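Listed below, chain by chain, are the residues.
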Amino acid sequence: MGKFITFEGIDGAGKSTHIAFVSDYIKQRGIELVSSREPGGTPLGEKLREIVLHEKMHLETEALLVFASRREHLAQVIEPALARGAWVISDRFTDSTFAYQGGGRGMSLAKLDALEQWVHPELQPDLTLLFDVPLDVARARLDATRELDKFEQEQSDFFAATRTEYLRRAAEFPQRFRVIDSTQSIAEIQQQIAAILDAFF
Ligand SMILES: Nc1ncnc2c1ncn2[C@@H]1O[C@H](COP(=O)(O)OP(=O)(O)OP(=O)(O)O)[C@@H](O)[C@H]1O
Ligand SMILES: Cc1cn([C@H]2C[C@H](O)[C@@H](COP(=O)(O)O)O2)c(=O)[nH]c1=O
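About the thresholds
Residues numbered from 1 in each chain as written. Chains lettered and ligands numbered in written order. Predicted model: local features only at pLDDT ≥ 70, side-chain atom pairs only at ≥ 80, totals over all residues. Heavy atoms only, no water. Pairing = 2+ DSSP bridges. Helix = DSSP H or I, 4+ residues; strand = E, 2+ residues; numbered from the N terminus. Axes fitted to C-alpha atoms, helices over the stretch in contact; angles between N-to-C directions. Contact = heavy atoms within 4.5 Å. 1 Å grid on protein atoms, 1.4 Å probe; cavity = no way out; pocket = protein on both sides within 12 Å on 5 of 7 lines; lining within 4 Å. Points joined across faces, edges and corners; volume = space filled by probe spheres on them. Nonpolar A, V, L, I, M, F, W, Y, C, P; charged D, E, K, R; others polar. UniProt positions renumbered as here; feature names shortened; annotations may be inferred. Buried < 20%, exposed > 50% of the residue type's maximum accessible area, 1.4 Å probe, protein only. Left-handed = near helix turned anticlockwise from the far one by under 90°. Near = heavy atom within 4 Å. Polar contact = N/O pair within 3.5 Å; in protein donor to acceptor, adjacent residues only side chain to side chain. Areas by Shrake-Rupley, 256 points an atom, 1.4 Å probe, with all protein chains shown as cover. Sits in = over half its atoms within 2 Å of the grid points.

## Considering the sheet that holds strand E1 (residues 4–8)
Phase 1: Taking strand neighbours across the sheet as the criterion, the 5 strands line up as E2-E3-E1-E4-E5 in an open arrangement whose pairing is parallel. In this open sheet, the two strands that pair with only one neighbour each are strand E2 (33–37) and strand E5 (177–181). Across the sheet, the axes of successive neighbouring strands diverge by a mean angle of 20°, strand direction being ignored.
Phase 2: One ladder, built from 4 bridges, connects E1 with strand E4 (residues 127–132); its direction is parallel. Counted as the bridge partner of phenylalanine 7 is leucine 129 from E4.
Phase 3: Here helix H8 (residues 186–200) sits on the sheet and contacts E1, strand E3 (87–91), E4 and E5; the angle it forms with E5, its principal contact strand, is near 165°.

Right under this line is the structure:
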């Protein structure tokens, strides 16, 4: 069985910046690696991603769509890869749903727990890297770089609640979460990630 590593954080925290570094670090060990993302990761999931990131909808519709994308992602990509011994890294997974739809939008965590139990009762990431930054730092990074999607246009109270839920989950599941202070330089963060991975191999 392979290992499953997830990347999490509020928009602009910097998680995508470090995926190539982690990918290279793992591949250097001769390990087969599958790199993916959510929502998305499959042709159907990418169509759902477009809808989730750009259409307004009821918060529970949003949660159901991200879990639908995840079900397909698990069936088509994650589970077969892990079963053949490959490692999988995913830019976001279920912690994002708890943080964004639960924390940010205020959806019942009990309903999200039920969806998680339905969609992946057995599977949890082996390691979750949570990139944590104050909201103003994340916002400044996003404003400097790109056109903002539906979530990125949310106000600071949404991201404050999202970040709080992430940190709550990190405290709840300390065995798999590693919280990275993402205000550090990219080089410092990579050093920290390398130490985390060295301990994990
Ligand atoms: N530690 C850092 N110091 C300075 N700038 C950074 C740092 N990390 C990332 N950035 C810059 O911030 C911007 C956003 O980074 P990135 O796209 O990795 O964020 P993200 O958390 O993946 O966002 P999203 O979830 O919205 O995709 C990029 O321009 C990136 O170069
Ligand atoms: C998996 C997942 C994602 N989201 C949100 C979080 C982000 O704003 C976008 C994905 O964009 P990224 O820049 O590629 O990280 O989708 C969500 O609200 N719920 C989820 O479960």
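And the narrative resumes.
## Remarks on the layout of surface pockets
Phase 1: Roughly 760 Å³ of internal volume is contained in the largest pocket.
Phase 2: Around the largest pocket sit 38 residues that line it, and Asp11, Lys15, Ser16, Arg92 and Arg146 are the ones nearest its centre.
Phase 3: Listing elements by their share of the lining of the largest pocket, those giving two or more residues are helix H2 (43–54), helix H3 (59–83), helix H4 (94–104), helix H6 (135–145) and H8.
Phase 4: Ranked by residue count, the leading element in the lining of the largest pocket is H4, at 4 residues.
Phase 5: Split by residue class, the lining of the largest pocket holds 13 nonpolar, 12 polar and 13 charged.

## Things to note about the UniProt feature "binding site: ATP" (unreviewed entry) in the protein
Phase 1: Mapped onto the present numbering, the UniProt feature "binding site: ATP" (unreviewed entry) falls at Gly9, Ile10, Asp11, Gly12, Ala13, Gly14, Lys15 and Ser16. For the largest cavity, the lining residues among the annotations just cited are Gly9, Ile10 and Ala13.
Phase 2: Among the structural elements, glycine 12 can be located in the loop between E1 and helix H1 (19–27).
Phase 3: Note on glycine 12: relative accessible area 15%, which makes it buried.
Phase 4: Ignoring anything within four residues of it in the chain, the contact list for glycine 12 reads Ala138, Arg141 and Leu142.
Phase 5: Within the fold, alanine 13 resides in the loop between E1 and H1.
Phase 6: The buried category is assigned to alanine 13, whose relative accessible area is 0%.
Phase 7: Residues contacting alanine 13, with those up to four places away along its chain left out, are Phe131, Val133, Ala138, Arg141 and Ser182.

## Brief notes about the packing of H1 against H8
For any two helices packed against each other, the geometry is given by the interaxial angle and the distance between the axes.
Phase 1: With their axes 11 Å apart at the nearest point, H1 and H8 run at an angle of 35° to one another. Judged by the sense of rotation from one axis to the other, the crossing of H1 with H8 is right-handed. Contact residues: Phe21, Val22 and Tyr25 in H1; Gln190, Ile193, Ala194, Leu197 and Asp198 in H8.
Phase 2: For the contact of H1 with H8, the class distribution of residues is 6 nonpolar, 1 polar and 1 charged.

## Concerning the environment of methionine 1
Phase 1: For methionine 1, the position within the fold is in the segment before E1.
Phase 2: Look at methionine 1 and you get exposed, because its relative accessible area is 76%.
Phase 3: C-alpha of methionine 1 to C-alpha of lysine 27: the two residues are 26 residues apart in sequence and 16 Å apart in space.
Phase 4: In this structure, methionine 1 is in contact with Leu82, Ala83 and Gly85, ignoring residues within four places of it in sequence.

## Looking at the site of ligand 2
Phase 1: Neighbouring ligand 2 are 14 residues; Asp11, Arg49, Arg92, Thr97 and Gln101 lie closest to it.
Phase 2: Note that an oxygen atom of ligand 2 is positioned 2.5 Å from one of the side-chain N or O atoms of arginine 92.
Phase 3: One of the side-chain nitrogen or oxygen atoms of glutamine 101 is found 2.8 Å away from a nitrogen atom of ligand 2.
Phase 4: In the complex, the protein chains occlude 95% of the 480 Å² of accessible area that ligand 2 would expose alone.
Phase 5: Judged by the proximity of its atoms to the pocket grid, ligand 2 belongs to the largest pocket.
Phase 6: Going through the elements one at a time, H2, H3 and H4 are the ones with two or more residues in the shell around ligand 2.
Phase 7: With 4 residues, the single largest contributor to the shell around ligand 2 is H4.
Phase 8: A breakdown of the residues in the shell around ligand 2 according to their chemical character gives 5 nonpolar, 3 polar and 6 charged.

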